[in-house]
Amino acid sequence: MNPSNPVYSISRLTKIYPGMNTTANDAVSFDVEQGEIFGLLGDNGAGKSTLVKQMANLLRPTSGVVKLHGQPVQEDPLLVPRYVGYMPQTGRALNSLTVSEALYFTSHLRGCSRADAKSERERLIQLWDLHEMRSKLCSRLSGGQQRLLQLAAAMAGQPPILTLDEPTNELAPQRRRHVWETLRAENRQRGTTIIFITHDAIEAEKIIQQVGIMHKGRLVAIGKPSTLKKQLEQQLRLELRFQPESPPDLPDGLPTQKLAEDHWLVRLDQHQVEATLSAIDLSRIDDFQLHSATLEDLYLHYT
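Since we're looking at a predicted model, the values are computed, not measured.

A. Quick peek at the nonpolar core. In terms of nonpolar packing, the biggest core is built from 41 residues, with Leu-103, Trp-128, Leu-130, Leu-164 and Phe-196 touching the most fellow members. A total of seven residues in this core trace back to one element, the largest contributor, which is helix H5 (residues 143-155). Apart from residues no more than four positions distant in its own chain, Phe-196 is found in contact with Ile-37, Phe-38, Gly-39, Leu-40, Leu-164, Pro-167, Trp-180, Ala-204, Ile-207 and Ile-208. The next biggest cluster of nonpolar side chains, apart from the first, holds 25 residues, and it includes Leu-13, Val-52, Val-66 and Met-214.

Right, dumping it as structure tokens:
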């Protein structure tokens, strides 16, 4: 990566939708370096999708500028398509095509010859395990199948930059793991720059190299996860699993999140660990894990 020559440079990007009194994006500024895996975290309405639509030149900013390889994206309508494979939250543009046709034509439109587009289609069908649905109309795919097709279409023609809006939405856990492993391999083997939005902070942490955290339209934190987490170095996560009819008694005042009827998450400072474990009746616990703060904790800290 060359810090002096970012792939994307976003400067004071602001977006106010017509008729709205609040900003969807509020003076957002950051760079994405060549070969970086950049993750955007934030709750619904934080402005993440608005931001990446402006980066993809699909939405005009109210003010500020998005530069791709040093050039404002609005100056050349072909600049983003030349370099970026974009995956939106929905893929209605593909609905009238079969899976096979969608991947072939996307590859061909990205500059592959007809023979290369056919080879690229087969590579992507193999990569994302789309064999059984290759002849299906895209409109008849399940939500999870559509996500895999959109991922494949974004990667068609092997663009040097991927921008992905919620790539693991509606996917089963095994499929989600495959997505993160595939994206990490794409980054390592091809040097692909990957920018993605996700709610899946815990799994995404395995590949994120740089993270931006958005809240109410503003970028409230940005940096390497390990650097940002130093602010939480005294915080630990205690996960408890138990029989739902017999939950454990915890000391008063501990911030506890019920992940499921039989699964709680307790956030502790280091000085609370010994007293907390001593107070819990371990005979009522099926399993417990104690580990350091995660990217999810970092997100909650800033938002």
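B. A negative patch on the surface, seen in detail. Judged by side-chain charge, Glu-261, Asp-262, Asp-286 and Asp-287 come together as a negatively charged surface patch. Among the structural elements, Asp-287 can be located in strand E14 (residues 287-292).

C. Molecular detail of the pairing of strand E1 (residues 8-15). Sheet analysis places E1 next to strand E4 (residues 63-68), joined by five bridges and oriented antiparallel. Bridged to Thr-14 within E4 is Ser-63. Two elements, E1 and strand E2 (residues 25-32), share five bridges in a ladder whose sense is antiparallel. Counted as the bridge partner of Leu-13 is Val-28 from E2.

D. The arrangement of the side chain of Lys-15 in detail. Checked against the element boundaries, Lys-15 lands in strand E1. Although Lys-15 is buried, it forms no salt bridge, and the closest oppositely charged side chain is Asp-26 at an N-O distance of 14 Å. A polar contact of 2.9 Å, which involves the side chain of Lys-15, links it to the backbone oxygen of Arg-60.

E. Inspection of the pairing of strand E9 (residues 210-215) at higher detail. Counting buried residues along E9, six of its six residues qualify, which places the element largely inside the surrounding structure. Alternating residues of E9 divide into Gln-210, Gly-212 and Met-214 and Val-211, Ile-213 and His-215, and every residue in both groups is buried. Sheet analysis places strand E3 (residues 37-42) next to E9, joined by five bridges and oriented parallel. Among the inter-strand pairings, Gly-42 is bridged to a residue of E9, identified as Met-214. Across five bridges, the pairing between E9 and strand E10 (residues 218-223) is antiparallel. In the sheet register, Met-214 faces E10, and the bridge partner there is Leu-219. Count of turn residues in the E9/E10 antiparallel hairpin: two residues, of which Lys-216 carries a positive phi of about 55°.

F. Structural context of the packing of aromatic side chains. A complete count under the given rule lists four aromatic pairs for this structure. Summarising the aromatic geometry, the rings of Tyr-104 and Phe-105 are spaced 5.2 Å apart at their centres and angled 70° between planes, so their arrangement reads as edge-to-face. Using a relative accessible area of 13% as the deciding quantity, one classes Tyr-104 as buried. For Phe-105, a relative accessible area of 39% gives the class partly exposed. With a centroid separation of 4.9 Å and 75° between ring planes, the pair formed by Phe-242 and Trp-264 is classed as edge-to-face. Of the two residues, Phe-242 is situated in the loop between strand E11 (235-241) and strand E12 (256-260) and Trp-264 in strand E13 (residues 263-269); the sequence distance between them amounts to 22 residues. Take Phe-242: its relative accessible area is 2%, and that puts it in the buried class.

G. Highlighting the domain arrangement of the chain. Splitting the chain by domain gives domain 1 (2-92 + 152-223) and domain 2 (230-302). Computed over C-alpha atoms, the centres of domain 1 and domain 2 are 33 Å apart. Contacts between the two partners involve eleven residues from domain 1 and, on the opposite side, seven residues from domain 2. Summed over both partners, the interface of domain 1 with domain 2 comes to about 810 Å²; 78% of that surface belongs to carbon and sulfur atoms. When the buried area of domain 1 at its contact with domain 2 is split by residue, Ile-202, Glu-205 and Ile-213 rank highest and sum to 47% of it. Every element with two or more residues in the side of domain 1 that touches domain 2 is listed here: E3, helix H7 (201-204), E9 and E10. Along the lines of polarity and charge, the residues of the side of domain 1 that touches domain 2 split into eight nonpolar, one polar and two charged.

What counts as what
Residues numbered from 1 in each chain as written. Predicted model: local features only at pLDDT ≥ 70, side-chain atom pairs only at ≥ 80, totals over all residues. Heavy atoms only, no water. Core = buried A, V, L, I, M, F, W, Y, C linked by side-chain atoms within 4.5 Å. Buried < 20%, exposed > 50% of the residue type's maximum accessible area, 1.4 Å probe, protein only. Helix = DSSP H or I, 4+ residues; strand = E, 2+ residues; numbered from the N terminus. Contact = heavy atoms within 4.5 Å. Patch = residues over 30% accessible without salt bridge, like charges linked within 9 Å, V, L, I, M, F, W, Y side chains within 5 Å. Areas by Shrake-Rupley, 256 points an atom, 1.4 Å probe, with all protein chains shown as cover. Salt bridge = Lys/Arg side-chain N within 4 Å of Asp/Glu carboxyl O. Lys, Arg positive; Asp, Glu negative; His and termini not counted. Charge placed at Lys NZ, Arg CZ, Asp CG, Glu CD. Pairing = 2+ DSSP bridges. Polar contact = N/O pair within 3.5 Å; in protein donor to acceptor, adjacent residues only side chain to side chain. Phe/Tyr/Trp six-rings, centres within 6.5 Å; stacked < 30°, edge-to-face > 60°. Domains from an automatic or database assignment. Buried area = accessible area lost by both parts, 1.4 Å probe. Nonpolar A, V, L, I, M, F, W, Y, C, P; charged D, E, K, R; others polar.

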